Amino acid sequence: MAALRLLRTRLLRARGCGFGTAEFPEEKPQFPGASAEFAERLEFIQPNVISGIPVYRVMDRQGHILRQSEDPQLPKELVLKLYKTMTLLNTMDRILYESQRQGRISFYMTNYGEEGTHVGSAAALDDTDLVFGQYREAGVLMYRGYPLDLFMAQCYGNSKDPGKGRQMPVHYGCRERHFVTISSPLATQIPQAVGAAYAIKRADANRAVICYFGEGAASEGDAHAGFNFAATLECPIVFFCRNNGYAISTPTAEQYRGDGIAARGPGYGLLSIRVDGNDVFAVYKATREARRRAVAENRPVLIEAMTYRIGHHSTSDDSSAYRSVDEVNYWDKQDHPISRLRHFLLRKGWWDEEQEKSWRKSSRKMVLESFTAAERLPKPAPQLLFSDVYRELPLHLQRQRGALQQHLRRYGQHYPMELFESGGDPPIDEPETPQIQP
Amino acid sequence: MAAAAAVLRHLAPLGHRLTRIPPHGCAGGRLFQHRRGLRLSAPAAIQVTVRDALNQALDEELERDERVFLLGEEVAQYDGAYKMGFAGIAVGAAMAGLRPVCEFMTFNFSMQAIDQVINSAAKTCYMSAGLIGVPIVFRGPNGASAGVAAQHSQCFAAWYGHCPGLKVVSPWSAEDAKGLLKAAIRDDNPVVMLENELLYGVPFELSEQAQSKDFVIPIGKAKIERQGTHITLVSHSRLVGHCMEAASVLAKEGVECEVINMRTIRPMDIEAVEASIMKTNHLITVEGGWPQFGVGAEICARIMEGPAFNYLDAPAVRVTGTDVPMPYAKNLEDNSVPQVKDIIFAVKKVLNI
């Protein structure tokens, strides 16, 4: 028997097989699809939900740094910028939410409770890193300096809106700040972000892509495709999942049965981490390191930021229909990213009650001024109805635009033209040269 | 290293052009071989199959612009069977400045990715107010093939032609295939190119001019394949060939048909149809897709709305695929798409002969 086994070992070794298990040293699986060992005991892998992937944090709820070695030691100006961005966002959210309730804008989505995920990650990126958001990442854009006027312009769809009034509120987009225009269909941004990362990799620039999505969007097929392609195409992308406990009314207990989103990462070959999303420093550190590795090694990294959605899904939602007000209050009072950072700042002596009062007043004033001004602005010119359907204006739309122009010249006094921005029309007598490709 | 290899796979650099369009959309096609006929005194037109013409176009555009790259199902050396995924990736790459040519094994499968094609590719330029362009080409076989049954035989000309923001082209000949694919790749808008699997192996004459690297067919312009005086036949893709056959049969009976190859579904060259009707006074449309809300329906509606209506001596007739999911049985399948005899019948009906 032993002799036979020895012979077999020699034969297999001669064929170039590697080392096997301790019990059966001559065999190792040769399947192209997987490269693990053989197992001779029937055993299923349990999904480890109870003691799953741990949540990385730097501060506790009172803003104490738990391990000095993990303190990112960010300079005062940066930390103050983080704080002011979060609070300004919060203030803007309150005012715009109210304005929707009052019928001034048609729709709004707040970011209550998730401000930490926005600014912590935004601060860790380079300015030119490309951002693909879902719809609850306004803080990223705000951190990059998008002015209040333009946030308001988009929500009001007024003449100052770079989006030319084409989108529902909160669908911001800014080319200069590398923030791709928000698109409504869920999770479509995930494979797009991967494609963009692929393009960026080819350009070999020191640039990464960050793709934000919620834990609900991660259930979409596009998410699976995106993760898998990012890994197989070796793209410099950071996947940032905001796990805020709810996908509209679906709680995480009904969204998945595994250990959240972070646990899926290794399944795709992604470097993965779970962080405390309400801890700005933890979010910052994780994103910074993720970005560094994504670019240096051309590989995707998955961050799951645990947080809580304090607000309703949107103005079309009333979350008291599916969760208790007590639960919401708990998170608002006990674990809010703004409060935690404020505790830290106060303890550090970088902030005090005076400044808090005065900042609240001045930030509110800024928002209200911007809001009032935005409301007064006219709507975009009607002629903008026709542009950007294609890169060039096709003949049939040119004709229709001309017809509208003529109509308004004759009957304009019957329309509330003062509500719209005027101008931008080519003169009627000179037909515009069609720019359709020959 | 792996990254560099991955990049090279997709760059298909000079001298390493292994892009193929295999028969029936599966892996295992043949390399493009450029045959040159014996050159005598006249410029040499050569016979080129549609497949080779497409390959030529891809080769030339890949060489011309390094931002152009190919991806799709079983394409080139890269395999990825996740349609929704790679369509989204292609859109994202286009948004970031590359010019992808995204291949669907057939357009039936594009239904799984149609959200990316319509909501992301077609609408993005408009919805981002021009901030984001999507210079992408989606291409692949469309419509009926042979014996592939209902889920593999649908025509999407009407589906994609419906959407503003998209351009949709539908080539018939090798010249169409080459010129339109090049135009589509060079176009800054998302373009859907509806090819036909049964045409891939069909040889057509490719003129000297069409063999050139700069040969491009304008998107939005139809071509009159055959001049005629008695009736206008408007068609696209494979059925243009059927119309030509019907026209030659009818010519023996003294009926001269004008055959218009639409080439582009959107933007539609309705002016060419109008000009033809003003000459012939009779119209039939011929398509492989289903009748309701089809290409023919749109042509008829536009003719009614335009100046050519007054020139019609009889109502227009649409020749279309039958209004059933494509059957599998060969005899049923053959009778579910327009045949030459159906076109002849329709012509005679309109001309009342």
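Residues numbered from 1 in each chain as written. Chains lettered and ligands numbered in written order. Predicted model: local features only at pLDDT ≥ 70, side-chain atom pairs only at ≥ 80, totals over all residues. Heavy atoms only, no water.

Engineer: Go over the environment of glutamine 334 of chain A, please, and point to the residues and values.
Structural biologist: All names here are of chain A. Take glutamine 334: it is sitting in helix α11 (residues 325-334). For glutamine 334, a relative accessible area of 43% corresponds to the partly exposed category. Each C-alpha atom of the pair glutamine 334 and threonine 372 lies 34 Å from the other, and the pair is 38 residues apart in sequence. (Helix = DSSP H or I, 4+ residues; strand = E, 2+ residues; numbered from the N terminus. Buried < 20%, exposed > 50% of the residue type's maximum accessible area, 1.4 Å probe, protein only.)

Engineer: So what's going on with the nonpolar core? Residues and values would help.
Structural biologist: Ranked by internal contacts, the top residues of the largest apolar core, which has 78 residues, are Phe213, Ile237 and Phe239 of chain A together with Phe138, Tyr160 and Ile299 of chain B. Each residue touching phenylalanine 213 of chain A, except ones within four places of it in the same chain, is listed here: Gln134, Glu137, Gln189, Ile190, Ala218, Phe227, Phe239, Phe240, Cys241, Arg242, Ile261 and Leu302 of chain A. Core analysis: the second largest hydrophobic core is formed by 75 residues, Cys155, Tyr308, Ile310 and Trp359 of chain A among them. (Core = buried A, V, L, I, M, F, W, Y, C linked by side-chain atoms within 4.5 Å. Contact = heavy atoms within 4.5 Å.)

Engineer: How would you sum up the packing of aromatic side chains? Please name residues and give values.
Structural biologist: One pass over the full model with this rule turns up 23 aromatic pairs over all chains. Residues phenylalanine 344 of chain A and tryptophan 350 of chain A carry aromatic rings whose centres are separated by 6.2 Å and whose planes lie at 80° to one another, so their mutual orientation is edge-to-face. The exposure classification of phenylalanine 344 of chain A matches that of tryptophan 350 of chain A, with both residues buried. Consider the rings of phenylalanine 156 of chain B and tryptophan 159 of chain B, whose centres lie 5.1 Å apart with planes at 75°: the pair is edge-to-face. For phenylalanine 156 of chain B, a relative accessible area of 0% translates into the label buried. When its relative accessible area of 39% is taken as the criterion, tryptophan 159 of chain B is described as partly exposed. A cation over an aromatic ring shows up here: arginine 61 of chain A above the ring of tryptophan 331 of chain A, its NZ or CZ 5.8 Å from the ring centre. Between arginine 166 of chain A and the ring centre of tyrosine 126 of chain B, over which it is positioned, the NZ or CZ distance is 4.0 Å. (Phe/Tyr/Trp six-rings, centres within 6.5 Å; stacked < 30°, edge-to-face > 60°. Lys NZ or Arg CZ within 6 Å of the ring centre and 35° of its normal.)

Engineer: Tell me about the side chain of glutamine 100 of chain A, and name the residues and values.
Structural biologist: All names here are of chain A. By the element assignment, glutamine 100 lies in helix α2 (residues 76-101). Its relative accessible area of 13% is what places glutamine 100 among the buried residues. A polar contact of 2.9 Å, which involves the side chain of glutamine 100, links it to the side chain of arginine 101. (Polar contact = N/O pair within 3.5 Å; in protein donor to acceptor, adjacent residues only side chain to side chain.)

Engineer: Run through the packing of α2 of chain A against helix α13 (residues 353-376) of chain A, naming residues and quoting values.
Structural biologist: All names here are of chain A. Between α2 and α13, the shortest axis-to-axis distance is 10 Å and the interhelical angle comes to 45°. As far as their axial angle goes, α13 and α2 are oblique. In this structure, α2 meets α13 at a crossing whose hand is right-handed. Here Tyr83, Lys84, Thr87, Leu88, Thr91, Met92, Ile95, Leu96 and Ser99 of α2 come into contact with α13, specifically with Glu356, Trp359, Ser363, Arg364, Met366, Val367, Leu368 and Phe371. When grouped by side-chain class, the residues that make up the contact of α2 with α13 number 10 nonpolar, 4 polar and 3 charged. (Axes fitted to C-alpha atoms, helices over the stretch in contact; angles between N-to-C directions. Parallel < 35°, antiparallel > 145°, perpendicular 65-115°, else oblique. Left-handed = near helix turned anticlockwise from the far one by under 90°. Nonpolar A, V, L, I, M, F, W, Y, C, P; charged D, E, K, R; others polar.)

Engineer: I'd like to hear about the packing of helix α3 (residues 115-124) of chain A against helix α10 (residues 280-297) of chain A, residue by residue, with values.
Structural biologist: All names here are of chain A. Contact geometry for α3 and α10: axes closest at 7 Å, N-to-C directions at 40°. Judged by the inter-axis angle, α3 sits oblique to α10. Read as a crossing pair, α3 and α10 show a hand that is right-handed. Along the contact surface, α3 presents Gly116, Thr117, Val119, Gly120, Ser121, Ala123 and Ala124, while α10 presents Val280, Val283, Tyr284, Thr287, Arg288 and Arg291. Grouping the constituent residues of the contact of α3 with α10 by class yields 6 nonpolar, 5 polar and 2 charged.

Engineer: I'd love a proper account of the interface of chain B and chain A, names of residues and values included.
Structural biologist: Taken together, the contact pairs 48 residues of chain B with 40 residues of chain A. Roughly 3,800 Å² is buried in total at the junction of chain B and chain A, and carbon and sulfur atoms are behind 59% of that figure. Among the residues chain B hides against chain A, the three largest losses belong to Ile89, Tyr126 and Leu131 of chain B. Together they make up 19% of the total. Summed over the shared surface of chain B and chain A, the number is 19 residue pairs in polar contact (both at pLDDT 80 or more). Only α1 (2-11), α3 (83-95), α4 (114-127) and α6 (174-186) of chain B provide two or more residues apiece to the side of chain B that touches chain A. Among the elements that line the side of chain B that touches chain A, the one with the most residues is α3 of chain B, at 9 residues. Residue composition of the side of chain B that touches chain A, grouped by class: 27 nonpolar, 12 polar and 9 charged. (Buried area = accessible area lost by both parts, 1.4 Å probe.)

Engineer: With reference to specific residues and values, describe unusual backbone geometry.
Structural biologist: Leaving glycine aside, a negative phi is the common case for residues, and trans is the common case for peptide bonds. Following arginine 266 of chain B, the chain continues to proline 267 of chain B via a peptide bond in cis, the omega torsion being -5°. Structurally, proline 267 of chain B is set in the loop between β11 (264-266) and α9 (270-280). Located in the positive-phi region is aspartate 388 of chain A, a residue other than glycine, with phi close to 70°. In this fold, aspartate 388 of chain A is placed in the loop between α13 and α14 (395-411). The class for aspartate 388 of chain A is buried, based on a relative accessible area of 15%. Positive phi outside glycine occurs at asparagine 281 of chain B, with the angle close to 70°. Mapped onto the secondary structure, asparagine 281 of chain B falls in the loop between α9 and β12 (283-286).

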